[in-house]
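Now for the letters of each chain:
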Amino acid sequence: AAARQNRTVCLVEKYTEGHARGSSHGDGRIYRFAYADEIYVDMMYLSLSYWGELNDATSKVLAHTGGVSLYSGQGGNYDSHG
């Protein structure tokens, strides 16, 4: 979104590139949609759509997503994404 508005984006990382600390290391990411505050769920869906747009614009696969189904025995809630 920022690039479409001709804005510059700067990413600041606490550790060196390729570090093994926290969930931001390596090439894999987990998209979590289980948040108590719905604004975070909305941001995750928006993020996925932006990754799709970026994939299409660059003709490269920058993000590949799969699907997962979750079932909770508590209340029988079922949800499926992907």
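Residues numbered from 1 in each chain as written. Predicted model: local features only at pLDDT ≥ 70, side-chain atom pairs only at ≥ 80, totals over all residues. Heavy atoms only, no water.

Engineer: Hey, could you run me through the overall build of the protein in this one?
Structural biologist: Looking only at helices and strands, one finds one helix and two strands in the protein. Along its sequence from the N terminus, the protein presents helices and strands in the succession α-β-β. Long-range contacts, defined here as pairs at least 24 residues apart, represent 10% of the contacts in the protein between residues at least 6 apart. Put simply, the protein shows about 7,500 Å² of open surface, and 53% of that area lies on carbon and sulfur atoms. (Helix = DSSP H or I, 4+ residues; strand = E, 2+ residues; numbered from the N terminus. Contact = heavy atoms within 4.5 Å. Areas by Shrake-Rupley, 256 points an atom, 1.4 Å probe, with all protein chains shown as cover.)

Engineer: Help me out: how do you make sense of helix α1 (residues 38-58) in this one?
Structural biologist: Spacing of three or four residues puts side chains on the same side of an α-helix, whose turn is 3.6 residues. For α1, spanning 21 residues, the distance from its first C-alpha to its last is 31 Å, which sits close to the expected 30 Å at 1.5 Å a residue. Taken together, the buried positions of α1 are occupied by Val41, Met44 and Asn55. Each buried residue of α1 sits inside an arc of 55° when the element is viewed along its axis, so together they form one side. Facing away from the buried side of α1 by more than 90 degrees, the exposed set consists of Glu38, Asp56 and Ala57. (Expected span 1.5 Å × (residues − 1). Buried < 20%, exposed > 50% of the residue type's maximum accessible area, 1.4 Å probe, protein only. Arc of directions from axis to C-beta.)

Engineer: Quick question: what am I supposed to make of the environment of Thr58 here?
Structural biologist: Mapped onto the secondary structure, Thr58 falls in helix α1. Thr58 sits in the partly exposed class, given a relative accessible area of 35%. A distance of 2.9 Å separates the side chain of Thr58 from the backbone oxygen of Leu54, its partner in a polar contact. (Polar contact = N/O pair within 3.5 Å; in protein donor to acceptor, adjacent residues only side chain to side chain.)

Engineer: Just checking my understanding: could you explain the packing of aromatic side chains for this structure?
Structural biologist: Given two aromatic rings, their pairing is described by the distance between the two centres and the angle made by the two planes. All chains considered together, the criterion is met by two aromatic pairs. Residues Tyr35 and Tyr40 carry aromatic rings whose centres are separated by 5.7 Å and whose planes lie at 45° to one another, so their mutual orientation is tilted. Tyr35 gets classed as partly exposed once you look at its relative accessible area, which sits at 39%. (Phe/Tyr/Trp six-rings, centres within 6.5 Å; stacked < 30°, edge-to-face > 60°.)

Engineer: Could you clarify how one ought to interpret a nonpolar patch on the surface in this entry?
Structural biologist: A surface patch of nonpolar side chains, amounting to about 410 Å² of accessible area, comprises Tyr35, Ile39, Tyr40 and Met43. Secondary-structure assignment places Met43 in helix α1. (Patch = residues over 30% accessible without salt bridge, like charges linked within 9 Å, V, L, I, M, F, W, Y side chains within 5 Å. Salt bridge = Lys/Arg side-chain N within 4 Å of Asp/Glu carboxyl O.)

Engineer: Where do I start with the confidence of the model for the protein in this structure?
Structural biologist: Close inspection of predicted coordinates is inappropriate for parts of the model with low pLDDT. Considering every residue of the protein, the mean pLDDT works out to 76; 72% of them sit at 70 or more. Of all helices and strands in the protein, the one with the weakest mean pLDDT is strand β2 (residues 78-81) (53), whereas α1 scores best (88). (pLDDT = per-residue confidence, 0-100.)

Engineer: Teacher, can you tell me more about the side chain of Asn55 here?
Structural biologist: Mapped onto the elements, Asn55 comes out in helix α1. The class of Asn55 is buried, set by a relative accessible area of 15%.

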